[in-house]
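Below, each chain spelled out in residue letters.
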Amino acid sequence: MVSEKMKALGVKKSVIREIFEYAKKRKAEIGADKVFDYSIGNPSVPAPAIVNETLKELIENTEPTALHGYTSAQGDLGVRTAIADYIKSTYKTEADPNLIYMTVGAAASLTISFNALITPNSDEEIIAFAPFFPEYRVFVEKAGAKLTVVSSPAPDFQVDLPAFEKALNEKTRAVIVNSPNNPTGVVLSESTVIAMCEILKKAEKKYGHPIYLVSDEPYRELVYGDVKVPYLTNYYDDTIVCYSFSKSLSLPGERIGYIFVSPKVQDAGDVYAAILGAGRALGFVCAPALFQYLIPNCLGKTADISIYDTNRTLLYEALTSYGYTCAKPDGAFYLYVKAFEDDAYAFYERAKKYELLLVPGDDFGCGGYVRIAYCVTTEQIKNSLPAFKKLAEDYKAGK
Ligand code: PLP
């Protein structure tokens, strides 16, 4: 006997993973250069040099049992202090190392936070803005809450403020924000953030309990031009930041990130204690030591994101010239493109005939679109343009 719920999650992979696996199979069949795999958000740019330099130095100069041993459950104090100092100086906000918890990436940051905030079987709700990262549903439901979805309207995908206000109720425990966003690449403007936080403050007063803003931030540093990503603790006190180095440092397989509870959270001590408890209950204690020790040297550093910027411009300009519509992304490495028919799965199948592997948007809570992860080589983008063009022409010709 096993948990049917867990079995179902294990048997049916996420749509992203399914297409990623198909891409591997197809590349083996016809050659990697003939498959235009836009399925997964795996950084295509190497980690910055400081990563390997620091790792080498750590390996050469640290006593091995210290380097590879357990740290405190919540992470090494020196590492947490470096992160708190970085947050304070970069975002001009209060931070405390004793309110930081080292995790194995944003996925763990989110699951720990949801489990810390939710009382199972009490009908509590967590709001997400669609389109959203599909794993939110898995994480929220496993924690015992209901995921309430508020759609963000195309074409700019900012928050639908009246719909958001309507969705908040006495059972709302938290709201997830992801900016820059996966799958749209959209960055929430400061005016949206201010308006959203005003609504939240009013709701907190009305319902008489905290409603936490959980800021999922794996793409914070991946922004183009002079776009600024507002730091949410400066706009709303009850904020918990779920950060990951997966994308900024191109280290997704190493699994390193953190949770930062703002000292301004009204019951910060309790929230942090519950995070310690959830980390313990989920077995997410003591994030990988070597990668914790790497972090102080790498704060604020990124992989060379100019390559993503080149890809973004190339793809956006080509696709819009062929008749596709999408928001021009200010951040992350995704384009969210309107399919030429309502059924994004049918569109995905048509694209597949040209070896274009795009992800149907239904699991992101916003059908009729496909996601293109452009964290690939610029050569792949260039080589795939004729296929995108032919696909658009097929639809125009009514084929
Ligand atoms: N949140 C969003 C929006 C993501 O896109 C991802 C990964 O792609 C994650 C969380 C999980 O990140 P990590 O690999 O750091 O666990």
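Below or above, wherever it landed, is the structure these notes cover.

1. Focus: the overall build of the protein chain
For step 1, the next point in the chain: Tallying secondary structure elements over the protein chain gives 14 helices and twelve strands in all.
For step 2, the next point in the chain: Since a compact globule built from 399 residues should have a radius of gyration of about 21 Å, the 21 Å found for the protein chain is in line with a globular shape.
For step 3, the next point in the chain: Across the 399 residues of the protein chain, 55% fall into the buried class.
For step 4, the next point in the chain: Taking the contacts inside the protein chain whose residues are at least 6 apart along the sequence as the reference set, 75% of them involve residues at least 24 apart.

2. Some points on the sheet that holds strand E11 (residues 359-360)
For step 1, the next point in the chain: Here three strands make up an open sheet; going across it, the order is E9-E12-E11 and the pairing antiparallel. Both outer strands of the open sheet, strand E9 (334-338) and E11, are each paired with one neighbouring strand and no more.
For step 2, the next point in the chain: Where E11 and strand E12 (residues 369-373) come together, two bridges link them in antiparallel fashion. Bridged to valine 359 within E12 is arginine 371.

3. Some details on the sheet that holds strand E2 (residues 100-103)
For step 1, the next point in the chain: Read from one edge to the other, the open sheet built from seven strands follows the order E2-E8-E7-E6-E5-E3-E4, with strand pairing classed as mixed. Each having just a single partner strand, E2 and strand E4 (146-151) make up the two edges of the open sheet. The sheet shows a mean angle of 20° between the axes of neighbouring strands, direction not considered.
For step 2, the next point in the chain: With five bridges connecting them, strand E7 (residues 239-244) and strand E8 (residues 257-261) associate as antiparallel partners. Note that in E8 the partner of cysteine 242 across the bridge is isoleucine 259.
For step 3, the next point in the chain: Running over the sheet, helix H9 (residues 190-207) touches strand E3 (125-130), strand E5 (172-177) and strand E6 (212-217) and is turned about 150° from E6.

4. Details of helix H5 (residues 77-91)
For step 1, the next point in the chain: Its 15 residues place the ends of H5 21 Å apart at the C-alpha level, agreeing with the 21 Å of an ideal helix rising 1.5 Å per residue.
For step 2, the next point in the chain: Tucked inside the fold, the buried residues of H5 contact E2, E8, helix H10 (268-282) and helix H11 (289-298).
For step 3, the next point in the chain: With a side-chain oxygen positioned 3.0 Å from the backbone nitrogen of glycine 78, the residue opening H5 is aspartate 76.
For step 4, the next point in the chain: Looking one or two residues beyond H5, the residue adopting positive phi is lysine 92, at roughly 50°.

5. Points about the pairing of E2
For step 1, the next point in the chain: Across the two faces of E2 the burial is the same, with Ile100 and Met102 and Tyr101 and Thr103 all buried.
For step 2, the next point in the chain: Sheet analysis places E2 next to E8, joined by four bridges and oriented antiparallel. Opposite threonine 103, over in E8, you have glycine 257 as the bridge partner.

6. Observations regarding the site of the ligand
For step 1, the next point in the chain: What surrounds the ligand is a group of 14 residues, the closest being Asp216, Tyr219, Ser244, Ser246 and Arg255.
For step 2, the next point in the chain: Alanine 107 has a polar backbone atom sitting 2.9 Å from an oxygen atom of the ligand.
For step 3, the next point in the chain: Between the ligand and lysine 247, the relevant distance is 2.9 Å, taken from an oxygen atom to a side-chain nitrogen or oxygen of the residue.
For step 4, the next point in the chain: A total of 390 Å² of accessible area belongs to the ligand in isolation, and the protein chains cover 91% of it.
For step 5, the next point in the chain: A per-element tally of the shell around the ligand places helix H6 (residues 105-117) first, with three residues.
For step 6, the next point in the chain: Partitioned by chemical class, the residues of the shell around the ligand number six nonpolar, five polar and three charged.

7. Considerations on the pattern of salt bridges
For step 1, the next point in the chain: By the definition in use, this model includes 16 salt bridges.
For step 2, the next point in the chain: Note that lysine 27 and aspartate 37 form a salt bridge whose closest N and O atoms lie 3.3 Å from each other. Of this pair, lysine 27 sits in helix H2 (residues 15-30) while aspartate 37 sits in strand E1 (residues 36-37), placing them ten residues apart in sequence.
For step 3, the next point in the chain: Assessed through its relative accessible area of 27%, lysine 27 is described here as partly exposed.
For step 4, the next point in the chain: Through salt bridges that share partners, Arg26, Glu29 and Glu355 make up one connected network.

8. So, the packing of H6 against H10
For step 1, the next point in the chain: Running from N to C, H6 and H10 point in directions that differ by 115°, and their axes come no closer than 8 Å. For the pair H6 and H10, the sense of crossing is right-handed. Here Thr111, Ile112, Asn115, Ala116 and Leu117 of H6 lie close against H10, whose contacting residues are Val271, Ala274, Ile275, Ala278, Gly279 and Leu282.
For step 2, the next point in the chain: In the contact of H6 with H10, the residues fall into eight nonpolar, three polar and no charged.

9. What to know about the pairing of E7
For step 1, the next point in the chain: With six of its six residues buried, E7 lies for the most part within the structure.
For step 2, the next point in the chain: Alternating residues of E7 divide into Thr239, Val241 and Tyr243 and Ile240, Cys242 and Ser244, and every residue in both groups is buried.
For step 3, the next point in the chain: Judged from the five bridges that link them, E6 and E7 form a sheet pairing that is parallel. What sits directly across from aspartate 216, in E7, is cysteine 242.

10. Structural notes on the packing of aromatic side chains
For step 1, the next point in the chain: Within the structure shown, the criterion is met by 22 aromatic pairs.
For step 2, the next point in the chain: Between phenylalanine 333 and tyrosine 334, the ring centres sit 5.1 Å apart and the planes meet at 70°, which makes this aromatic pair edge-to-face. In this structure, phenylalanine 333 and tyrosine 334 share a single accessibility class: buried.
For step 3, the next point in the chain: One Lys or Arg, arginine 220, reaches over the ring of tyrosine 91 and ends 5.1 Å from the middle of that ring.
For step 4, the next point in the chain: It is lysine 352 that lies over the ring of tyrosine 22; its NZ or CZ is 4.5 Å from the centre.

11. Overview of helix H13 (residues 344-352)
For step 1, the next point in the chain: Here H13 has its buried residues at Ala344, Phe347, Tyr348, Ala351 and Lys352. One face of H13 carries all of its buried residues, which in axial projection span an arc of 140°.
For step 2, the next point in the chain: On its buried face, H13 is in contact with H2, strand E10 (356-357), E11, E12 and helix H14 (378-396).
For step 3, the next point in the chain: Backbone nitrogen of tyrosine 345 and a side-chain oxygen of the N-cap are separated by 2.9 Å at the start of H13; the cap is aspartate 343.

Thresholds, definitions, all that
- The numbers attached to residues start from 1 for each chain and follow its sequence in the written order.
- A pLDDT threshold of at least 70 governs which residues receive local features in this predicted model, and a stricter bar of 80 or more applies before side-chain atom pairs are shown or counted, although totals over entire chains, interfaces and linings include all residues.
- For side-chain calculations, the full set of non-hydrogen atoms in the structure is used, while hydrogens and water are omitted.
- Segments assigned H or I by DSSP are reported as helices when at least four residues long, segments assigned E as strands when at least two residues long, and all are numbered from the N terminus.
- Just to be clear, the radius of gyration here is over C-alpha atoms, and the globule rule we use is 2.2 Å times residues to the power 0.38.
- Whether a residue is buried, partly exposed or exposed follows from its accessible area with a 1.4 Å probe, protein chains only, as a fraction of its type maximum: under 20%, in between, or over 50%, in that order.
- Should any heavy atoms of two residues lie within 4.5 Å, those residues are counted as being in contact.
- Should DSSP find at least two bridges between two strands, the strands are regarded as paired.
- Angular values range over 0 to 180 degrees, each being the angle between N-to-C directions of two axes fitted as lines to C-alpha atoms, with helices fitted over their stretch in contact.
- Helix span is expected to be 1.5 Å times the residue number reduced by one.
- Think of a polar contact as two N or O atoms within 3.5 Å of one another; within protein, one of them needs to be a possible hydrogen donor and the other a possible acceptor, and neighboring residues in sequence only count if both atoms come from side chains.
- It suffices for a single heavy atom of a residue to lie within 4 Å of a molecule or strand for the residue to be listed as near it.
- Methods summary: accessible areas were calculated by the Shrake-Rupley approach with a probe of 1.4 Å, and residue burial reflects only the protein chains presented.
- Charged means Asp, Glu, Lys or Arg here, nonpolar means Ala, Val, Leu, Ile, Met, Phe, Trp, Tyr, Cys or Pro, and polar covers whatever is left, Gly included.
- Just to be clear on terms, a salt bridge is a Lys or Arg side-chain nitrogen sitting within 4 Å of an Asp or Glu carboxyl oxygen.
- In a left-handed crossing the near helix is turned counterclockwise from the far helix by less than a right angle, and in a right-handed crossing that turn is clockwise.
- Ring geometry is summarised as follows: Phe, Tyr and Trp rings, the Trp one being its six-membered ring, pair when their centres sit within 6.5 Å, and such pairs are stacked at plane angles under 30 degrees, edge-to-face over 60 and tilted between the two.
- Consider the ring centre and the ring normal. A charge sits over the ring if Lys NZ or Arg CZ is within 6 Å of that centre and within 35 degrees of that normal.
- Arc definition: directions from the helix axis to the C-beta atoms.

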